[in-house]
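Residue strings, one per chain:
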Amino acid sequence: MNLFNYETFAEFSKKLKSSNLELIEFIIMREIKMFGVSKKQIYSRLSEYIDIMKQSILNGLKTNKELICLTNDAIRLQKNKKKFLATLEYKILTSAISVAFYNCSMGKIVACPTAGSCGILPGALIPISEKYKLSKNKLINALILAGEIGRIMANQTSISGAVGGCMAECGVASAMTASAIVYCFNGNLESILTAAALSLKNNLGLICDPVAGLVEVPCVKRNGFKAIEALTSAQLALAGIKTAIPLDEILLAMKEISEEMPEKFKETSDGGLAQTPTGLKFKRKLQKIKLLTKSQK
Amino acid sequence: MMDRYDSILDIVGPAMIGPSSSHTAGAVRLGLAACSILNEKPLKVNIHLYNSFANTGAGHGTHKALLAGLLGLPPSSEKICIADKLAHNENIKFKFFNNKLPNDYPPNTVKFEMSSKNWDIEVIGVSIGGGLINILEIDGFEVNISAEYETLIVTHKDKIGILAEVLTILSKEKINVVSIESVRHNKIDDVKTVITVDNILTEHIRTLIKPLKHIVRVRIIHKIQELW
């Protein structure tokens, strides 16, 4: 059991090396040993998650629901004629926003790591897997890796906006996604961890100031931004570019920033965009909605 | 409290109806736990929302999510969106109260006042984030139940040897105990013992424990936060 007991990425790398197991095998073996599950169970659950992720991209592009602050920007992107991004990048941007919007309209999604950041990983990975014809197993392995990267981060810091602001949710999602993309293009462990580090560094200090306390503004569009950010991190890492500050040290900085971050920027909607005049207008709009306050009988 | 993330499934997943793990998925699980404690079909439910549940619940589908849980639907059920209609069809009378005044409850707290054919019960629970929940109070008695395990709540008189008898039954039934905690407020009132176990608790277990001397009530809360 000791082999699977580690807190930092440095320890993780060391234990992985000493195990003589291949990266994904090592993470799977840890789940098997800790929870008594079978490899088959793991693949079947994650395969189900990938199907839900794919479906949520498609469903988000079909929903016409009006939210409190937003209407469907994914449909807007799909209809748009003024495209200048490359086809893959444009599809990633659209897909990430589609999933995030579908989540807000009470659609079925996979939290990754949270519901508010659920569009980033599928938004990037599914279009990549389609363009480069990756097998489903490869995609599942990428998800397993993303899960372990996120897990180590979560135990060092947090994945809750109420604890660490948006860097804890969308920041970690971007880092997980960047690692998974590098894995998809057969990058080694060093590039995988570098990609995560680059994304995380770019998120330090990002606050959580949701308008009207909802997962709409700035969250839905931020899922699009972060999917593109993850691509950037992955591309840099695959080019052999290094991170000047090691991942474990970035996590220490993130923890310090979380602790010092004012409460009003931690999902409380007491500051930032939520307290702007227009932000407060949306809040009043929400309060006027009387949903199910009485039984119909 | 420092959160612990033991499995990759704590990060990837759950599959859930959005938009919020705390305000939607957690709310479904609170409904499920309340329903499991009642152990009968609820006929009338007053649902009191506090703090962030009261302030932003309308935009998160919290009301529908709580009802969905009471109807036994999981957080991934697409029927959550129509839970109010389903509850109506099931003849469950429900009423929501948004409490926005200052109070001592944690951010996402709900109080269920429920009546079924045989019982009236009050359950207070909180959604603590990431879809995880804690039941804080049952009929005014403080508990701390995460429903990550099958849970047995035994209300009993303060007499020597009762726990030994209960544990003997569990061991004979090959049920593995994870944790056990007894709470006694004074020497007159009943004691509540909360036992979590690995195995599924059946009605059979209840019928074995209930007739023991000095046992007042046996409640079962089924596991609703399964990892793998």
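Residues numbered from 1 in each chain as written. Chains lettered and ligands numbered in written order. Predicted model: local features only at pLDDT ≥ 70, side-chain atom pairs only at ≥ 80, totals over all residues. Heavy atoms only, no water.

Okay, the overall build of chain B next. Along the backbone of chain B there are 6 helices and 11 strands. Taking 17 Å as the expected radius of gyration for a compact globule of 228 residues, we find that chain B reaches 18 Å, a close match to that expectation. Viewed in the frame of its principal axes, chain B has a C-alpha envelope of about 50 × 40 × 35 Å. For chain B, the proportion of its 228 residues judged to be buried stands at 52%. Contacts in chain B between residues at least 24 apart in sequence constitute 68% of all its contacts with a sequence separation of at least 6. Of the roughly 10100 Å² that chain B leaves accessible, carbon and sulfur atoms contribute 51%. The positive charge centre, built from 25 side chains, and the negative charge centre, built from 25, are 6 Å apart in chain B. (Helix = DSSP H or I, 4+ residues; strand = E, 2+ residues; numbered from the N terminus. Rg over C-alpha atoms; globule rule 2.2 N^0.38 Å. Buried < 20%, exposed > 50% of the residue type's maximum accessible area, 1.4 Å probe, protein only. Contact = heavy atoms within 4.5 Å. Areas by Shrake-Rupley, 256 points an atom, 1.4 Å probe, with all protein chains shown as cover. Lys, Arg positive; Asp, Glu negative; His and termini not counted. Charge placed at Lys NZ, Arg CZ, Asp CG, Glu CD.)

Attention now moves to the environment of Glu165(B). Mapped onto the elements of the fold, Glu165(B) is located in helix α5 (residues 162–172). When the C-alpha positions of Glu165(B) and Lys213(B) are compared, they lie 9.7 Å apart, and in sequence the two are 48 residues distant.

As a further point, take helix α5 (residues 87–104) of chain A. Residues and elements named next belong to chain A. Along its 18 residues, α5 runs 26 Å from first to last C-alpha, staying within 8% of the 26 Å computed at 1.5 Å per residue. Among the 18 residues of α5, 15 are classified as buried, and the element is accordingly described as predominantly covered. One or two positions beyond α5, positive phi appears at Met 106, with a value near 60°. (Expected span 1.5 Å × (residues − 1).)

What follows covers the packing of aromatic side chains. Two aromatic rings, taken as a pair, are described by how far apart their centres are and by the angle between their planes. Residues and elements named next belong to chain A. For the structure on display, the rule yields 7 aromatic pairs over all chains. In this structure an aromatic cluster arises from ring pairing among Phe 4, Tyr 6, Phe 12 and Phe 26. Positioned above the aromatic ring of Tyr 183 is the side chain of Lys 138, whose terminal nitrogen or guanidinium carbon lies 4.6 Å from the ring centre. (Phe/Tyr/Trp six-rings, centres within 6.5 Å; stacked < 30°, edge-to-face > 60°. Lys NZ or Arg CZ within 6 Å of the ring centre and 35° of its normal.)

A separate point is the pattern of salt bridges. Tallied over the full model, the rule gives 16 salt bridges over all chains. Close ionic contact of Lys91(A) with Glu130(A) constitutes a salt bridge, the shortest N to O distance being 3.2 Å. Taken together, the residues span a long stretch of sequence, with Lys91(A) in helix α5 and Glu130(A) in helix α6 (residues 120–131) at a distance of 39 residues. Classification of Glu130(A) by relative accessible area gives partly exposed; the value is 40%. Among the salt bridges present, the one from Glu263(A) reaches Lys266(A), with a minimum N-O distance of 3.6 Å. Given the relative accessible area of 52%, Glu263(A) is considered exposed. In this structure, a network of salt bridges that share partners links the residues Glu7(A), Arg4(B) and Asp6(B). (Salt bridge = Lys/Arg side-chain N within 4 Å of Asp/Glu carboxyl O.)

Here we take up the sheet that holds strand β8 (residues 150–156) of chain B. All names here are of chain B. Taking strand neighbours across the sheet as the criterion, the 4 strands line up as β9-β10-β8-β11 in an open arrangement whose pairing is antiparallel. The open sheet is flanked by β9 (177–183) and β11 (215–221), the only strands paired with a single partner. Neighbour-to-neighbour, the strand axes of this sheet turn through a mean angle of 15°, independent of strand direction. Sheet topology places β8 next to β11; 6 bridges connect them, and they run antiparallel. Within the sheet, the bridge partner assigned to Thr 151 lies in β11 and is Ile 221. (Pairing = 2+ DSSP bridges. Axes fitted to C-alpha atoms, helices over the stretch in contact; angles between N-to-C directions.)

The term disulfide refers to a covalent linkage connecting the sulfur atoms of a pair of cysteines. Residues and elements named next belong to chain A. Tallied over the full model, the rule gives 0 disulfides over all chains. A disulfide-free cysteine, Cys 112 has its sulfur positioned 8.6 Å from the sulfur of Cys 118, the nearest such atom. For Cys 219, which is in no disulfide, the shortest distance to another cysteine sulfur is to Cys 208 and amounts to 6.4 Å. (Disulfide = S-S within 2.5 Å.)

The extent of an interface is frequently quoted as the accessible surface area lost upon association of the parts. All names here are of chain B. One can read the domain layout of chain B as domain 1 (15–145) and domain 2 (150–221). Relative to domain 2, the C-alpha centre of domain 1 lies at a distance of 26 Å. Contacts between the two partners involve 11 residues from domain 1, matched on the other side by 13 residues from domain 2. Buried area between domain 1 and domain 2, both sides added, is near 1100 Å², and the carbon and sulfur share of it is 65%. For the pair domain 1 and domain 2, the interface holds 1 salt bridge. Of the charged contacts, one joins Asp 139 and Arg 219 as a salt bridge, the two residues approaching to 3.7 Å between their closest N and O atoms. For the pair domain 1 and domain 2, the interface holds 0 residue pairs in polar contact (both at pLDDT 80 or more). Listed by contribution, the elements that provide at least two residues to the side of domain 1 that touches domain 2 are α1 (21–38) and β7 (141–145). Classifying every residue of the side of domain 1 that touches domain 2 gives 8 nonpolar, 2 polar and 1 charged. (Domains from an automatic or database assignment. Buried area = accessible area lost by both parts, 1.4 Å probe. Polar contact = N/O pair within 3.5 Å; in protein donor to acceptor, adjacent residues only side chain to side chain. Nonpolar A, V, L, I, M, F, W, Y, C, P; charged D, E, K, R; others polar.)

Residues and elements named next belong to chain B. Counting buried residues in strand β10 (residues 191–197) gives 7 out of 7 residues, a clear majority hidden from the surface. Of the two faces of β10, the one holding Val 191, Thr 193, Ile 195 and Val 197 and the one holding Lys 192, Val 194 and Thr 196 are both buried throughout. Both β8 and β10 contribute to a ladder of 7 bridges, which runs antiparallel. Residue pairing in the sheet places Glu 150 in a bridge with Val 197 of β10.

What follows covers the interface of chain B and chain A. In this complex, chain B contributes 43 residues to the contact, which on the side of chain A involves 50 residues. The largest share of the area that chain B buries against chain A comes from Ile8(B), Ile11(B) and Trp228(B), three residues that together contribute 19% of it. At the boundary of chain B and chain A, one finds 1 salt bridge. A salt bridge links Arg4(B) to Glu7(A), with the nearest nitrogen and oxygen atoms 3.3 Å apart. Elements that contribute at least two residues to the side of chain B that touches chain A include exactly β1 (15–17), α1, α2 (52–60), α3 (62–70), α4 (83–89) and β3 (93–99) of chain B. Counting residues per element, the side of chain B that touches chain A draws most heavily on α2(B), which supplies 5 residues. Of the residues in the side of chain B that touches chain A, the class split is 18 nonpolar, 15 polar and 10 charged. As paired strands, strand β1 (residues 108–110) of chain A and β1(B) are joined by 3 bridges and run antiparallel to one another.

Attention now moves to the nonpolar core. Within the largest apolar cluster, 84 residues are counted, with the highest numbers of intra-cluster contacts made by Phe9(A), Leu46(A), Tyr49(A), Ile144(A), Met153(A) and Leu200(A). With residues near it in sequence (within four places) discarded, Phe9(A) still touches Ile149(A), Ile152(A), Met153(A), Leu193(A), Leu247(A), Asp248(A) and Leu251(A). Counting residues in each nonpolar core, the second largest holds 43 residues, with Ala27(B), Phe53(B), Ile121(B) and Ile135(B) among its members. (Core = buried A, V, L, I, M, F, W, Y, C linked by side-chain atoms within 4.5 Å.)

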